[in-house]
Amino acid sequence: MAWLQKARLHNLLLALISIPVKWLVKANNIPTDIRKELGIDTAKPILYLLRTHSVTDQIALNMSAEVLGLPRSSSRINIAGERQQACLFLQEPKSVLTRKVKVTNIAAQFAHMFELHRRDTELDIQIVPVSIFWGRAPGKNTSGWSDVLANQVSPSWLRKFFIVLFLGRDNFVCYSKAVSSRAMADLPGSDEELAHKLIRLAGTHFHRRRQGITGPNLLERYELNNVVLGSQAVRNAIAQEAQSKKISHQTAKLKAQKYINEIAADYREGLIRLGTRILTRIWNKVYNGIEVNHADKVRTLAQNGHEIIYVPCHRSHMDYLLLTYVIYHEGLVTPHIAAGINLNFWPIGGILRKGGAFFLRRSFAGNKLYTAVFREYLELLFNKGYSVKYYPEGGRSRTGRLLPPKTGMLAMTLQGLIKGINRPVSIVPVYIGYEHVMEVSSYLRELTGSSKKKESIFHIFSAIRRLKNYGYGFLNFGEPINLSNYLDKSVPDWREQQQAEPDKKPQWLNPVVNDLADNVMERINQAAAVSGMSLCAICLLSAEKHAMTEDELILAIEHFLTLLAKSPYSEVATYPSISARALLANTLKLNKFEVREDNFGRIISLKDKNAVPLTYYRNNILHLFALPGLVTAIVFARDGVTHSQIRQMLSQLYPLLQRELFIYMSLEQALDYSDSLITSMLEMGLLNVDGEHIVPPAPSSKDYYSAWLLNRSIQETLHRYAVVLTLLYRENGMSRATLEQKSRQFAQRLSSLHGISSPEFFDKNVLATFISALKENHLVESDDDGKLLHCDKSEALRLEVIALISPDIAQRIQQI
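Source: prediction; values computed, not measured. (Residues numbered from 1 in each chain as written. Predicted model: local features only at pLDDT ≥ 70, side-chain atom pairs only at ≥ 80, totals over all residues. Heavy atoms only, no water.)

(A) Summary view of the overall build of the protein chain. Helix and strand counts for the protein chain stand at 35 helices and 25 strands. Here the protein chain has a C-alpha radius of gyration of 30 Å; the compact-globule value for 816 residues is 28 Å, and the two agree. Principal-axis analysis of the C-alpha atoms gives the protein chain an extent of 95 × 75 × 55 Å. Taking the intrachain contacts of the protein chain between residues at least 6 apart in sequence as the baseline, contacts between residues at least 24 apart amount to 78%. About 36,300 Å² of surface is accessible on the protein chain, with carbon and sulfur atoms providing 52% of the total. The distance from the centre of the 97 positive side-chain charges to the centre of the 77 negative ones in the protein chain is 11 Å. (Helix = DSSP H or I, 4+ residues; strand = E, 2+ residues; numbered from the N terminus. Rg over C-alpha atoms; globule rule 2.2 N^0.38 Å. Contact = heavy atoms within 4.5 Å. Areas by Shrake-Rupley, 256 points an atom, 1.4 Å probe, with all protein chains shown as cover. Lys, Arg positive; Asp, Glu negative; His and termini not counted. Charge placed at Lys NZ, Arg CZ, Asp CG, Glu CD.)

(B) Up close: the packing of helix H17 (residues 408–420) against helix H20 (residues 483–490). Between H17 and H20, the least distance of the axes is 11 Å, while the angle of their chain directions is 90°. The angle between the axes of H17 and H20 places the two elements in the roughly perpendicular class. Here H17 contributes Thr-413, Leu-414, Leu-417 and Ile-418 to the contact with H20, which in turn contributes Leu-483, Ser-484 and Leu-487. Residues of the contact of H17 with H20, tallied by class, amount to five nonpolar, two polar and no charged. (Axes fitted to C-alpha atoms, helices over the stretch in contact; angles between N-to-C directions. Parallel < 35°, antiparallel > 145°, perpendicular 65-115°, else oblique. Nonpolar A, V, L, I, M, F, W, Y, C, P; charged D, E, K, R; others polar.)

(C) How the structure looks around the packing of aromatic side chains. Enumeration over the complete set of coordinates arrives at 21 aromatic pairs. Between Trp-283 and Tyr-287, the aromatic rings sit 5.7 Å apart at their centres with planes inclined by 50°, giving tilted as the arrangement. Taking 5.6 Å as the distance between ring centres and 50° as the angle between the ring planes, the aromatic pair formed by Phe-636 and Tyr-704 counts as tilted. Within this pair, whereas Phe-636 is found in helix H27 (residues 626–637), its partner Tyr-704 is found in helix H30 (residues 704–713), the two being separated by 68 residues in sequence. The buried category is assigned to Phe-636, whose relative accessible area is 19%. Joined through ring pairs, the aromatic side chains of Tyr-259, Phe-358, Phe-364, Tyr-370, Phe-374 and Tyr-377 make up one cluster. Here Arg-136 stacks its cationic end above the ring of Phe-172, 4.9 Å away from the centre of that ring. (Phe/Tyr/Trp six-rings, centres within 6.5 Å; stacked < 30°, edge-to-face > 60°. Buried < 20%, exposed > 50% of the residue type's maximum accessible area, 1.4 Å probe, protein only. Lys NZ or Arg CZ within 6 Å of the ring centre and 35° of its normal.)

(D) Inspection of helix H11 (residues 249–263) at higher detail. For H11, which comprises 15 residues, the first-to-last C-alpha distance of 21 Å matches the rise-based estimate of 21 Å (1.5 Å per residue) to within 8%. Ala-252, Ala-256, Gln-257, Tyr-259, Ile-260, Glu-262 and Ile-263 are the residues of H11 that are buried. (Expected span 1.5 Å × (residues − 1).)

(E) Looking closely at the packing of helix H32 (residues 736–754) against helix H35 (residues 807–814). Closest axis-to-axis distance for the H32/H35 pair is 12 Å, and the angle between their directions is 140°. Our pair here, H32 against H35, has a crossing hand that is right-handed. Counting all contacts with H32, which are made through Phe-746, Leu-750, Leu-753 and His-754, the residues of H35 involved are Asp-808, Ile-809, Arg-812 and Ile-813. Per-class residue counts for the contact of H32 with H35 are five nonpolar, one polar and two charged. (Left-handed = near helix turned anticlockwise from the far one by under 90°.)

(F) Structural detail: the environment of Thr-717. By the element assignment, Thr-717 lies in helix H31 (residues 715–731). Classification of Thr-717 as buried rests on a relative accessible area of 3%. Taking the C-alpha atoms as reference points, Thr-717 and Val-766, separated by 49 residues in sequence, lie 9.9 Å from one another. In contact with Thr-717, other than residues within four places in its own chain, are Arg-401, Leu-622, Leu-657 and Glu-660.

(G) The arrangement of empty space enclosed by the protein in detail. Applying the stated criterion to the full structure yields nine cavities of 30 Å³ or more. Its volume calculated, the second largest cavity comes out at about 100 Å³. If you trace the second largest cavity, you find 13 residues lining it, with Pro-138, Thr-214, Tyr-267, Val-333 and Thr-334 closest to the centre. Grouping the constituent residues of the lining of the second largest cavity by class yields eight nonpolar, four polar and one charged. (1 Å grid on protein atoms, 1.4 Å probe; cavity = no way out; pocket = protein on both sides within 12 Å on 5 of 7 lines; lining within 4 Å. Points joined across faces, edges and corners; volume = space filled by probe spheres on them.)

(H) Spatial organisation of the sheet that holds strand S23 (residues 733–734). Strand order in the open sheet formed by three strands is S23-S25-S24, with antiparallel pairing between adjacent strands. On the outer flanks of this sheet lie S23 and strand S24 (781–782), each paired with one strand and no other. (Pairing = 2+ DSSP bridges.)

(I) The nonpolar core, seen in detail. Core analysis: the largest hydrophobic core is formed by 199 residues, its most contacted members being Tyr-310, Phe-358, Phe-374, Phe-477 and Ile-557. Counting residues per element, this core draws most heavily on helix H16 (residues 368–384), which supplies ten residues. Excluding anything up to four places from it in sequence, Phe-374 contacts Ile-263, Phe-358, Phe-359, Leu-360, Phe-364, Met-409 and Met-412. Within the second largest apolar cluster, 27 residues are counted, among which are Leu-38, Ile-132, Trp-134 and Leu-167. (Core = buried A, V, L, I, M, F, W, Y, C linked by side-chain atoms within 4.5 Å.)

(J) Structural view of the pairing of strand S12 (residues 336–340). The buried fraction of S12 amounts to five of the five residues, a majority that puts the element mostly inside the structure. Burial along S12 is two-sided: the residues His-336, Ala-338 and Gly-340 and Ile-337 and Ala-339 are all buried. The pairing of S12 with strand S14 (residues 388–389) spans two bridges and is parallel. Considered in S14, the bridge of Ile-337 is made with Lys-389. Both S12 and strand S13 (residues 357–360) contribute to a ladder of four bridges, which runs parallel.

(K) Region of interest: the side chain of Gln-58. Position of Gln-58 relative to the elements: it lies in helix H3 (residues 55–68). Given a relative accessible area of 2%, Gln-58 falls into the buried group.

(L) Fine view of unusual backbone geometry. Following Ile-30, the chain continues into Pro-31 via a peptide bond in cis, with omega recorded as -10°. Residue placement: Pro-31 occurs in the loop between strand S1 (27–30) and helix H2 (34–38). Geometrically, the link from Trp-346 to Pro-347 is a cis peptide bond, its omega value of -10° lying close to zero. Mapped onto the fold, Pro-347 is located in the loop between S12 and helix H15 (348–354). Positive phi, normally seen in glycine, also occurs at Phe-662, with a value near 50°. In this structure, Phe-662 sits in the loop between helix H28 (643–661) and helix H29 (667–684).

(M) A look at the state of the cysteines. This model, assessed by the stated rule, comprises zero disulfides. Looking at Cys-536, it has no disulfide partner, and the nearest cysteine sulfur is the one in Cys-539, 6.8 Å off. Of the residues examined, Cys-536 reaches a relative accessible area of 2% and is grouped as buried. (Disulfide = S-S within 2.5 Å.)

(N) Quick peek at the pattern of salt bridges. This structure, assessed with the given rule, holds 35 salt bridges. The residue Arg-277 makes a salt bridge to Asp-170 at a minimum N-O spacing of 2.7 Å. Pair noted here: Arg-277 is in helix H12 (residues 269–286) and Asp-170 is in the loop between helix H6 (157–167) and strand S8 (171–175), with a separation of 107 residues, a long-range link. Looking at Asp-170, the relative accessible area reads 3%, which means it is buried. A salt bridge links Asp-266 to Lys-354, with the shortest nitrogen-to-oxygen separation between them at 3.7 Å. (Salt bridge = Lys/Arg side-chain N within 4 Å of Asp/Glu carboxyl O.)

(O) Quick peek at the sheet that holds strand S20 (residues 601–606). Taking strand neighbours across the sheet as the criterion, the three strands line up as S18-S20-S19 in an open arrangement whose pairing is antiparallel. The open sheet is flanked by strand S18 (547–549) and strand S19 (593–598), the only strands paired with a single partner. Between one strand axis and the next, the sheet turns by 25° as a mean value, whatever way the strands run. Where helix H24 (residues 550–566) meets the sheet, its contacts fall on S18 and S20, and the angle it forms with S18 comes to roughly 95°.

(P) How the structure looks around helix H33 (residues 764–776). Here H33 is 13 residues long and its end C-alpha atoms lie 18 Å apart, about the 18 Å a rise of 1.5 Å per residue gives. Every buried residue of H33 is listed here: Val-766, Leu-767, Ala-768, Thr-769, Phe-770, Ile-771, Ser-772, Ala-773 and Leu-774. Buried-residue contacts for H33 involve H28, H31, H32, strand S25 (788–789) and helix H34 (792–804). With a side-chain oxygen positioned 3.1 Å from the backbone nitrogen of Asn-765, the residue opening H33 is Asp-763. Of the residues one or two after H33, His-778 is the one with positive phi, at around 60°. (Polar contact = N/O pair within 3.5 Å; in protein donor to acceptor, adjacent residues only side chain to side chain.)

(Q) Representation of a nonpolar patch on the surface in the model. Together, Ile-19, Trp-23, Leu-24, Val-96, Trp-157, Leu-158, Phe-161, Phe-162, Leu-165 and Phe-166 give the surface a local cluster of nonpolar side chains, amounting to about 1,100 Å² of exposed area. Those elements giving two or more residues to the nonpolar patch turn out to be helix H1 (2–24) and H6. At six residues, H6 tops the list of elements feeding residues into the nonpolar patch. With respect to the helices and strands, Phe-162 occurs in helix H6. (Patch = residues over 30% accessible without salt bridge, like charges linked within 9 Å, V, L, I, M, F, W, Y side chains within 5 Å.)

Here it is as structure tokens:
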């Protein structure tokens, strides 16, 4: 056939130019695990489908296929006894002189393939669509010289030469799920009709794939100004500003324009490309690796046309860079990022702005004009289809725990949805963890009373100079929340209410936003990543004198990992896959522990200056061990306890732990999970059975020490509960502010007396959260003046908590 001769010539050309092209091209594979994510079976025949008949695209595909262990696109496959090319194309490239796109003879090829399927009913081929991207530049509403590189839909050979020359190192080979040729052939219709249907589906798929990886057209500044300043809400705010401040309408409008300039991003894809190259070098120098999990969930949302809003936890300034870098390399549209106005300093502010950052003030403080401008800008991003990223905590965590969420951005997101965003909106929680956070020392100074230093370029250079081995970084995408579905469950008639009163703030908004905020935080913690550093920290901080023998520490790590493997905290939480010994060896290389050796072996302890900083890494995963810790604390506190007694005490204490640690399980789920934990711990020897009672392992058992460490891991939380409840008991009634203040003072004193090294032990946010949980669960009462009152429920809880803590601390707390 003529097309076979043409294919042979094409393969010859491919071989001739592949050598020079390989010097220019670096293929990035999306996804990197096609078997797991896409279900592609390399044992079955694979037919690649590309949009454009391009030699350089095919070379990039061959380079990618070689890395992934896939067959080359220039090879042949056997279809019902016929040797045919393994790669087909929808379009021919444009000529140099015209923009007309020519189609290939793919319709005839597909029709012939379906004819062969009718002859052989067992024949089945995996048709794998592959999108090849050179750079990730979004489209523009205006034309210019940059279109030579940006407009890549079937470019001519001359334009492709410049594209490969300048963007060859930013090549992305994006695979999609395979289409079964047998499933297509079994559909009703003639071979020609099925061929044209497959071509239409492929064309639509390639268009959506391009939108999903490059994003919408760039937002030009004139369009931004026209939309925001022309919105009814901003026009009303301008009029109110002019009237209230007694200034002219034009002056108020210029003020609004100034707010736009202060807020708006100025995204430039070229800066992102440059930034990823620089960051790749930095990550390779600083981290042993960045572990990314569950990105397939987000890719599915993007391919289905969702507006994606990333809501990560906030540990470090490194988060801004790491999450955007990961999103880019996972083949997703880089988001516009909400950044604090404190980062808008020269020259970092301008760089961040061109990287997609938009800036917001810490407080809108009744500034109606600023609020209106910011809200309209955010809604414009949503409606144009830009993905957005903001931090629900409102700032970096100084303790390693999640902070209580700020609800302003979530409220604006929901308000944008109910006003009418024309596509599905999904919130994607993101867990970010590190084995070393470069700001930890400054966090500790702030927690002990030092004022926060203002960010400056000098601090950036200082941080870069101190870069060293930071171990591993972890980024897990959590379970997405479809906002429309969430609202349908929370407020079934929200659409009808909005249509009836479109300009009125719904009464249900605040409680729904608060519930949504808690749900987001719980899903962030649900996707936690356990690291060697966090495991060593939780073990050593629980140990007496913060020291353990190497064998004890290895066994404890092994026990903790086995427990999580037998009773996983969640389906999206991730755990180390290497042995406890190898994990400890990697962690010791970070030089945060003191290792000394005597005649009996090695002893691993915390350096004096590192005991407090390491509480940060323990707190990252404390919620995973809260229930195991509480179960062992209940068992260790009594000579023997029945299973039903454990469940009864968990029912009392779990709602408080859930509120404080943002645990995603309901009470019923937590009780079921505790049953699984008890079964696993009995199997492992961490607990024993004596008749109908569950008891601790024998002190002579090798498993005793690990169980005792689990008990110790929850003790500081129980100490804090005992402090608050005992103060309330002694005073009988006091205002919330007074209770928080006195609890903090006594917790700080207790910390000094008993060597409790955790800054969050007397942190006002943690104490405030616990007191709120007491009120929400009706464990305290209040009088008409708002004073909190001791009651029978709080007394019963106090006695239970006191019984679970060590006698020396219980005695000191009783002396308040």
